[in-house]
Every structure is written in structure tokens, then in C-alpha cells.
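A closer look at the structure
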Amino acid sequence: MTLALPNLPDWLAHRATTSEAREALVVGGRRWSYGELDAEVTRLARRLGALGVGAGDRIATLLHNGPVASMIVHAALRLGATLVPLNVRLSDEETAWQAGDAGARLLVVEERTTALAERTRLALPNLPIVSVDTLDATPESMTELHLSHDPAHVLAIIYTSGTTGRPKGAMLTVGNFWWSAVGSALNLGADASDRWLACMPLFHVGGLSILLRAAIHGFAAVVHDGFDAHAVKRAVQEE
């Protein structure tokens, strides 16, 4: 007999209600409280909705660590969509194959990845590509947002390195991230004053898990553009 698990509440919306003023995200010299982050994610979700993204769709991204990369996983969840964060170090052939294999509805890029995306378009001419600047200027839709989530919903598809053949898209569910956060708390503890440094790419499961773990437990995620020894040392000492 298989027991159906109850839906999980939207963890970011919950934190915005219970810990509105608590710091949630630090990235690129900017800081967001949980209330501010919740509002930003709602706007991002509604802009993606205006571009035709909805429940069941897959949003591919070519983003370095930054504000949009830190928020889009929450926005995808609220749309009932799935995030496919692609490795920005891939070749255009590898990028096109993974985006096509995932069945991406949209590819979100930034200035540093525009050239790679345009080369990818040659293999996937029907894949819409939108920059973060265009996304920021897109009027918000009245798309219905989900604030309760099926644990079996695939929240992210992250591709393996493919060292022994074609990369495989690991399908990670809402429940996977939830129980990973629970396991982390049981192993390390969790406190509202905790601060987790994410200096690994957010297109890797380790980096992405920090963002979700922070929202689930209500502490702050400090996101760096990449690994820099001096920046990491300063963050450990000062952040």
C-alpha cells in the first residue's frame, strides 16, 4: 500500500509571513529580507507567466550566480514549472542537446551567456530565448500561483557530467529538497541566525540546495558569483 504524502506549503511564502523582516538573501552587494524576496519572486513568476510559462513547463537557464539565478527556482515552483539550470561552461552542442532533451519551454540568459545561447539557437530554432533585462521589463501577468506543492512535483532537472556517456537529467522533486533540508537540520542543526555561503554554482545541486534549505529553515543564503579565496575568507569573517 502506497501512502499519499500531503502537499507541502510554499516555504518562501511561509517565511515571508512568519519572518518578514529577517534577512533571506545576500548577493552581489544587495540584501533582501524574506518579505522583500517573496515579493521579488512573485513578480518574477508573473513575468515568466506573461511569457507563456505555466504548470508542467520546463524553464532552462544559462545563468551565473546572481539575483535572478537565486530567485528563479522559487518562481518556477510557484508556477508549477520545473527549473533546468544548465552549466554555463558547456559547449553550444552540449547546451542544445540538454535543453532539447529536457523539453525546455524557455531559455533564460544573461549578458555573459548570450553568445552561447545564440549558438544554441542554431540547433533549437524554436526555443524562445529571453535575457534577464528583457524579463525584468516584462509586464506582470495575472497567472495563478501555487502556494501548496505536491512532494512528487519535479522542481529541478540537473544533468550529470556525462563522463561515461550522454549526461542524464536527474529529476529532483519538491520532496527530495524538503527531506534533504530536514536531514541537514538533523545532522548539523538549524537556527534562524545561521548563514550559509553558496560559492559553488547554482546550476549544481549543492548550490541550489543551499537556496532551498535556507528558505525552508528561514536563515540567510549568502551567494557569491564564484569561488574566490579572499572573498570567501572575508565572508566567513564578516558575514
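Keep in mind that what you see is a predicted model, and the values were worked out from it rather than measured. (Residues numbered from 1 in each chain as written. Predicted model: local features only at pLDDT ≥ 70, side-chain atom pairs only at ≥ 80, totals over all residues. Heavy atoms only, no water.)

**Description of the packing of aromatic side chains**
Considering all chains together, one arrives at 3 aromatic pairs under this definition. A ring pair is formed by Trp-11 and Trp-178, whose centres lie 6.2 Å apart and whose planes are at 20°; its orientation type is stacked. Linking Trp-11 in helix 1 (residues 11–18) with Trp-178 in helix 7 (residues 174–188), this pair joins segments that are 167 residues apart in sequence. Exposure remark for Trp-11: the relative accessible area of 3% places this residue in the buried category. For Trp-178, a relative accessible area of 24% corresponds to the partly exposed category. Centroid distance Trp-97 to Tyr-159: 6.2 Å. Interplanar angle 75°. Geometry classified as edge-to-face. One end of the pair, Trp-97, is in helix 4 (residues 92–102); the other, Tyr-159, is in strand 9 (residues 154–159), with 62 residues separating them in the sequence. (Phe/Tyr/Trp six-rings, centres within 6.5 Å; stacked < 30°, edge-to-face > 60°. Helix = DSSP H or I, 4+ residues; strand = E, 2+ residues; numbered from the N terminus. Buried < 20%, exposed > 50% of the residue type's maximum accessible area, 1.4 Å probe, protein only.)

**Overview of the packing of helix 4 against helix 5 (residues 114–123)**
Closest axis-to-axis distance for the helix 4/helix 5 pair is 8 Å, and the angle between their directions is 60°. Compared by their axis directions, helix 4 and helix 5 come out oblique. Here the hand of the crossing between helix 4 and helix 5 comes out right-handed. Here helix 4 contributes Asp-92, Thr-95 and Ala-96 to the contact with helix 5, which in turn contributes Leu-116, Arg-119, Thr-120 and Ala-123. Considering only residue class, the contact of helix 4 with helix 5 consists of 3 nonpolar, 2 polar and 2 charged. (Axes fitted to C-alpha atoms, helices over the stretch in contact; angles between N-to-C directions. Parallel < 35°, antiparallel > 145°, perpendicular 65-115°, else oblique. Left-handed = near helix turned anticlockwise from the far one by under 90°. Contact = heavy atoms within 4.5 Å. Nonpolar A, V, L, I, M, F, W, Y, C, P; charged D, E, K, R; others polar.)

**Some points on the side chain of Arg-15**
Relative to the assigned elements, Arg-15 resides in helix 1. Buried Arg-15, no salt bridge; nearest opposite-charge side chain is Asp-10, N-O distance 9.9 Å. At 3.5 Å, the side chain of Arg-15 forms a polar contact with the backbone oxygen of His-217. Ignoring anything within four residues of it in the chain, the contact list for Arg-15 reads Glu-20, Arg-22, Tyr-34, Ala-215, Ile-216, His-217 and Gly-218. (Lys, Arg positive; Asp, Glu negative; His and termini not counted. Salt bridge = Lys/Arg side-chain N within 4 Å of Asp/Glu carboxyl O. Polar contact = N/O pair within 3.5 Å; in protein donor to acceptor, adjacent residues only side chain to side chain.)

**Looking at helix 7**
Since the α-helix turns once every 3.6 residues, residues separated by three or four places project in the same direction. Its 15 residues place the ends of helix 7 21 Å apart at the C-alpha level, agreeing with the 21 Å of an ideal helix rising 1.5 Å per residue. Within the span of helix 7, buried status applies to Val-174, Gly-175, Phe-177, Ala-181 and Ser-184. Two residues or fewer after helix 7 comes Gly-189, characterised by a positive phi angle close to 85°. (Expected span 1.5 Å × (residues − 1).)

**Some details on the sheet that holds strand 3 (residues 30–33)**
Strands sit in the order 3-2-12-11 across an open sheet of 4 strands; the sheet is mixed. The strands lining the two open edges of the sheet, one partner per strand, are strand 3 and strand 11 (195–198). Strand-to-strand twist in this sheet, taken as the mean axis angle between neighbours without regard to direction, amounts to 15°. Strand direction decides the pairing type here: strand 11 and strand 12 (residues 220–223), joined by 4 bridges, are parallel. Residue pairing across strands places Leu-197 opposite Val-222, the latter belonging to strand 12. Running over the sheet, helix 3 (residues 67–79) touches strand 2 (23–27), strand 3 and strand 12 and is turned about 140° from strand 2. (Pairing = 2+ DSSP bridges.)

**Some points on the pattern of salt bridges**
Two side chains that carry opposite charge are able to pair once their charged atoms sit near each other. Under the defined criterion, the tally for this structure stands at 12 salt bridges. Its salt-bridge partner being Glu-239, residue Arg-31 comes within 2.7 Å of it at the nearest N-O pair. With Arg-31 in strand 3 and Glu-239 in the segment after helix 9 (229–238), the pair connects residues that are 208 residues apart, well separated along the chain. Of the residues examined, Arg-31 reaches a relative accessible area of 44% and is grouped as partly exposed. You can call Glu-239 partly exposed: its relative accessible area is 30%. We note a salt bridge from Arg-112 to Glu-110, for which the minimum N-O separation is 3.8 Å. Overall, the relative accessible area of 13% leaves Glu-110 in the buried class. The network of salt bridges with shared partners includes Glu-23, Arg-31, Arg-195 and Glu-239.

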